[in-house]
Amino acid sequence: MLGSAVQFSAQSSSAFLMRHTDPDYSAAYVVLETDAEDGLQGCGLTFTLGRGTEVVVCAVNALAHHVLHKDLGDIVGNFRGFYRELTSDGQLRWIGPEKGVVHLATAAILNAVWDLWAKREGKPLWKLLVDMDPRMLLSCIDFRYITDVLTEEDALEILQNGQVGKKEREDQMLTQGYPAYTTSCAWLGYSDDLLKQLCTAALEDGWTRFKVKVGADLEDDIRRCRLIRAMIGPEKILMMDANQRWEVPEAVERMSQLAEFKPLWIEEPTSPDDILGHAAISKALVPLGIGVATGEQCHNRVIFKQLLQANAVQFLQIDSCRLGSVNEILSVLLMAKKFGRIFNDFLHGILFLNLNGSIACGL
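About the cut-offs
Residues numbered from 1 in each chain as written. Predicted model: local features only at pLDDT ≥ 70, side-chain atom pairs only at ≥ 80, totals over all residues. Heavy atoms only, no water. Helix = DSSP H or I, 4+ residues; strand = E, 2+ residues; numbered from the N terminus. Buried < 20%, exposed > 50% of the residue type's maximum accessible area, 1.4 Å probe, protein only. Contact = heavy atoms within 4.5 Å. Areas by Shrake-Rupley, 256 points an atom, 1.4 Å probe, with all protein chains shown as cover. Axes fitted to C-alpha atoms, helices over the stretch in contact; angles between N-to-C directions. Parallel < 35°, antiparallel > 145°, perpendicular 65-115°, else oblique. Nonpolar A, V, L, I, M, F, W, Y, C, P; charged D, E, K, R; others polar. Salt bridge = Lys/Arg side-chain N within 4 Å of Asp/Glu carboxyl O. Pairing = 2+ DSSP bridges. Phe/Tyr/Trp six-rings, centres within 6.5 Å; stacked < 30°, edge-to-face > 60°.

Section: the overall build of the protein
Stage number 1. For the protein, the count of helices and strands is 15 helices and nine strands.
Stage number 2. Sorting the 363 residues of the protein into buried and exposed places 52% on the buried side.
Stage number 3. Taking all contacts inside the protein whose residues are at least 6 apart in sequence as the whole, residues at least 24 apart take part in 71%.
Stage number 4. Carbon together with sulfur atoms contributes 53% to the accessible area of the protein, which is approximately 16,300 Å² in total.

The structure is reproduced here in structure tokens:
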């Protein structure tokens, strides 16, 4: 295979973000080509916010020797081994391992491999995953560092049990789609008039799940949440997202004051690396009927393992361009299933839609 890596930038939205105040939504984009006569290409990406995309591209190029001039059949025939080869590069793992820029680059390359494999099989990615034999699926996963909570035998049992009702679930996904929520009407910084306008439009479009950005000013949060809840009514689902804004005690205090609006969850209440902090927040909020959601900035499967072990989250949100592509996402999905937690993939614009939608539909 031959490969190339480029970066591109999309126009950023007018949304006001708590931690990322000037996003220039961008991606490092990997294209894999082969010498096969079919002319197929594998396309993969990883998401960035502008500056730094060139750093990810450099990391992709530094990893490129692991994929160049390899046979696709050899890679997917030992996909676990190929994943380990990328993540265990004897020199590059020093600036990881399995985290940061080097793992973003790994995700982009692996996403391209999965895309090429699905195209070679003549299927969309979700269908490739749905149709795959459980043992073949497991052969793509690196179970290192998670066997204390999920062995390969555990995972096989989960997948085998999941064969029951599989066809019905697939039919349901094809006819009804995958449930989603909207954040478009409740960003910080929107005027009440704009918020009402956007919320009305979302209701007319059929949305039933709404997420509100919170975390700046308490009184402003209360006013906006009251407005949104009044517009959507008590039967529709409301979620909140603090984008890592609070200290742990502050998160508990703020959400106790926002509990009257019956949020399903508070997303990223504090530092994404603070597992015990999330556990403390979860313990305090569960009696109020509020779950904790996080994961879009979790580095790898080990962080998710510890969040589950600490009973720190009720909702796991993966970023398919931050984790090591489908290979690592599969391990997180299976751990979530074992712990009885809800998996909610993080979507950010059209770049994520096809990839995450494929994973969600396929599993």
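Structural notes on unusual backbone geometry
Stage number 1. Of the consecutive residues Gly96 and Pro97, the connecting peptide bond is found in the cis state with omega at -20°.
Stage number 2. A positive phi angle, near 75°, is found at Tyr145, a position not held by glycine.
Stage number 3. Within the element layout of this structure, Tyr145 appears in the loop between helix 6 (134–138) and helix 7 (152–161).
Stage number 4. Of note, Glu268 is a non-glycine position whose phi angle comes to about 40°, a positive value.
Stage number 5. Of note, Glu268 is situated in the loop between strand 6 (263–267) and helix 12 (275–285).

Some points on the packing of helix 13 (residues 301–309) against helix 14 (residues 325–339)
Stage number 1. Orientation of helix 13 relative to helix 14, taken along the N-to-C sense of each, is 10°, at an axis distance of 10 Å. The orientation of helix 13 relative to helix 14 falls into the category roughly parallel. Between helix 13, through Arg301, Phe304, Lys305, Leu308 and Gln309, and helix 14, the contact on the second element is made entirely by Glu328, Ser331, Val332, Met335, Ala336 and Phe339.
Stage number 2. Considered class by class, the residues forming the contact of helix 13 with helix 14 number six nonpolar, two polar and three charged.

A short note on the pattern of salt bridges
Stage number 1. Scanning all chains against the criterion turns up 25 salt bridges.
Stage number 2. The salt bridge partner of Asp131 is Lys127, with a shortest N-O separation of 3.2 Å. Taken together, the residues Asp131 and Lys127, both in helix 5 (residues 125–131) and four residues apart, mark about one turn of the helix.
Stage number 3. Residue classification places Asp131 among the partly exposed positions, given a relative accessible area of 36%.
Stage number 4. A residue is classified by how much of its surface remains accessible, and Lys127, at 22% relative accessible area, is partly exposed.

Brief notes about the sheet that holds strand 8 (residues 315–316)
Stage number 1. An order of 4-5-6-7-8-9 is seen for the six strands of this open sheet, with the pairing classed as parallel. Edge positions in the sheet fall to strand 4 (209–213) and strand 9 (342–343), since each has one partner strand and no second.
Stage number 2. In the sheet, strand 8 pairs with strand 9 via two bridges, with the strands oriented parallel. Residue pairing in the sheet places Leu316 in a bridge with Phe343 of strand 9.

A few points about the packing of aromatic side chains
Stage number 1. Evaluated as defined, the whole model comprises seven aromatic pairs.
Stage number 2. Ring plane angle 50° and centroid distance 6.4 Å describe the contact between Phe79 and Phe82, whose orientation is recorded as tilted. Separated by three residues within a single helix, Phe79 and Phe82 lie in helix 3 (residues 79–87), roughly one turn from each other. For the residue pair Phe79 and Phe82, the accessibility class agrees, reading buried in each case.
Stage number 3. With centroids separated by 6.0 Å and ring planes inclined at 55°, the aromatic side chains of Phe79 and Trp117 adopt a geometry described as tilted. Placement of the pair is Phe79 in helix 3 and Trp117 in helix 4 (residues 100–121), with a sequence separation of 38 residues.
Stage number 4. For Phe79, a relative accessible area of 1% puts it in the buried group.
Stage number 5. Through pairs of rings, three or more aromatic residues link up here, namely Phe79, Phe82, Trp114 and Trp117.

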